[in-house]
Amino acid sequence: MLDQSLRPVKVYFELTNHCNFKCDFCPILVSNRKGHNMDFELYCKGIDEIAAEGITDTVGYHVLGEPLIYPRLADAIRYAKSKGLQ
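Rules used in this analysis
Residues numbered from 1 in each chain as written. Predicted model: local features only at pLDDT ≥ 70, side-chain atom pairs only at ≥ 80, totals over all residues. Heavy atoms only, no water. Buried < 20%, exposed > 50% of the residue type's maximum accessible area, 1.4 Å probe, protein only. Helix = DSSP H or I, 4+ residues; strand = E, 2+ residues; numbered from the N terminus. Arc of directions from axis to C-beta. Phe/Tyr/Trp six-rings, centres within 6.5 Å; stacked < 30°, edge-to-face > 60°.

## Re helix H2 (residues 73–82)
Right, so step 1: Those residues of H2 not exposed but buried are Leu73, Ala76 and Ala80. Axial view of H2: buried residues confined to an arc of 60°, hence all on one face. Exposed side chains of H2 directed beyond 90 degrees from the buried face belong to Arg78, Lys81 and Ser82.
Right, so step 2: Looking one or two residues past H2, Gly84 carries a phi angle of roughly 85°, positive in sign.

## Observations concerning the packing of aromatic side chains
Right, so step 1: Evaluation of the coordinates by the stated rule reveals 3 aromatic pairs.
Right, so step 2: Taken together, a centroid distance of 5.1 Å and an interplanar angle of 70° make the contact between Phe13 and Tyr43 edge-to-face. Pair noted here: Phe13 is in the loop between strand E1 (11–12) and helix H1 (40–53) and Tyr43 is in helix H1, with a separation of 30 residues, a long-range link. The same class applies to Phe13 as to Tyr43, namely buried.
Right, so step 3: Ring centres 6.1 Å apart and planes at 45° place the aromatic pair Tyr43 and Tyr61 in the tilted group. Of the two residues, Tyr43 is situated in helix H1 and Tyr61 in the loop between strand E2 (59–60) and H2; the sequence distance between them amounts to 18 residues. For the pair Tyr43 and Tyr61, one class covers both residues: buried.
Right, so step 4: A network of ring pairs unites the aromatic residues Phe13, Phe40, Tyr43 and Tyr61 as a single cluster.

So yeah, pure geometry; function would need other evidence.
Below is the structure:
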């Protein structure tokens, strides 16, 4: 179990770096990264590790992409909740 004084408040997952917005301040517009969705099995592995180690009780889904575009967003949320995460 992680020392509570070192415990992060939230762990963020970038489920996708695809985005349907064109915000002028967003670094995606100048990025050379190809559009990609996170493999669902990799996501589940991350959730399993967070839950097993007690790293945090909250996960988020925003880094650079628009999480609502991720095709398995409902599955991802359901899976995190099944592991006791918010």
